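# Examining the three-dimensional arrangement
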Amino acid sequence: MIALLLLLIGAVAMMRSMNASLTNSGNFGFKRDLTNQAELAMNQALATFTNGALSTEAARNASTPGENYSAAILPTNPQGIPLALLTDAQFAGVGMAVKDIVVADMGVNIRYVIDRVCSAAGPVDASRCTLATAPPPAGVSWSERQRAEDNSSGGVGALPLEPVYRISIRVNGPRGTQSFFQSTFTNSSS
């Protein structure tokens, strides 16, 4: 009788453990899908920079809430997530909800903001903006580009510097899952 009771307790524990594992596996699957869905926002944001409303340097010198763009770096929480992605009230000052991407049949809502890593709006200035070396054009290695720059300017370190932009994405999914993603880029014209 005692052995039967121990087997019953073991079977119940095993079933509960299996249910927890299945739930966790499902949640990991949702999180992975949210990572894939975030690419939709990344593509939309980069398209705005390459051939959209933010394709010129003059357009990027001022904030454009209609494109979810801030010409100055946005305030963040201690984890580095812009406060604009945490509440609708904060977002209203930076962007427009009509730019949200909704995948209704999957229960996914994607919101993003783009900010230039500068302390203030206006023309890019090395004293108040984070600048990075622009990547070489496709098919040209870094060493080939450096050699060409050295020969044309007569010195080392002549690679052009460009402002850094940060895109932050919040993806809300099924079962209350939520993920945040960030990436930085330069808008290289070369």
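What this report covers is the structure whose coordinates are included nearby. Fair warning: this is a prediction, and the values are worked out from it, not measured in the lab.

Counted by the stated rule, this structure contains 5 aromatic pairs. With 6.0 Å between their ring centres and 75 degrees between their planes, F49 and Y69 make a pair best called edge-to-face. Remark: Y69 occurs in strand β1 (residues 69-70) and F49 occurs in helix α1 (residues 2-51); sequence separation between them is 20 residues. No difference in accessibility class separates F49 from Y69, as the two residues are buried. Here the aromatic residues F49, Y69, Y165 and F185 are joined through ring pairs into a cluster of three or more. The residue whose ring lies beneath R111 is F91, and the NZ or CZ to ring-centre distance is 4.0 Å.

On to the nonpolar core, then. If you look at the biggest cluster of nonpolar residues, it comprises 20 residues, and the most contacted ones within it are I114, I167 and I169. Breaking this core down by element, the ones donating at least two residues are α1, β2 (101-103), β3 (108-116) and β5 (161-172). Examining the composition of this core, we find that 6 residues originate from one element, α1, more than from any other. With residues up to four places along the chain from it excluded, the contact list for I169 reads A38, A41, M42, L85, I110, R111, Y112, S179, F180 and F181. Counting 7 residues, the second largest nonpolar core, distinct from the first, contains L74, L85, V94 and V113.

Residue N68 is not a glycine yet carries a positive backbone phi of 60 degrees. Among the secondary structure elements, N68 is positioned in the loop between α2 (57-60) and β1. Judged by its relative accessible area of 0%, N68 falls in the buried class.

On to the side chain of S70. If you trace the backbone, S70 turns up in strand β1. Residue classification places S70 among the buried residues on the basis of a relative accessible area of 8%. A polar atom in the side chain of S70 sits 2.6 Å from the backbone oxygen of A72.

Thresholds applied
- Positions within a chain are numbered from 1, following the residues in the order the chain's sequence is written.
- This being a predicted model, a pLDDT of at least 70 is required before a residue's local features are given, and a value of 80 or more before pairs of side-chain atoms are given or counted; all residues contribute to the totals for chains, interfaces and linings.
- Excluding hydrogens and water, the side-chain values take into account all heavy atoms of the structure.
- Side-chain rings of Phe, Tyr and Trp, where Trp is taken by its six-membered ring, are said to pair if the distance between their centres is within 6.5 Å; with planes under 30 degrees apart they count as stacked, over 60 as edge-to-face, and otherwise as tilted.
- Helical segments are the DSSP runs of H or I of at least four residues, strand segments are the runs of E of at least two, and each set is numbered from the N terminus.
- Residue exposure (1.4 Å probe, protein chains only): buried if accessible area is under 20% of the type maximum, exposed if over 50%, otherwise partly exposed.
- Our definition puts a charge over a ring when NZ of Lys or CZ of Arg is within 6 Å of the ring centre and also within 35 degrees of the ring normal.
- Throughout this description, the term nonpolar core refers to a set of buried Ala, Val, Leu, Ile, Met, Phe, Trp, Tyr and Cys residues connected via side-chain atoms within 4.5 Å.
- In what follows, a contact means two residues having at least one pair of non-hydrogen atoms within 4.5 Å.
- We call two N or O atoms a polar contact when they sit within 3.5 Å, provided that within protein one can donate a hydrogen and the other can accept it, with sequence-adjacent residues counted only if both atoms are side-chain atoms.

Shape descriptors only; they carry no functional weight alone.
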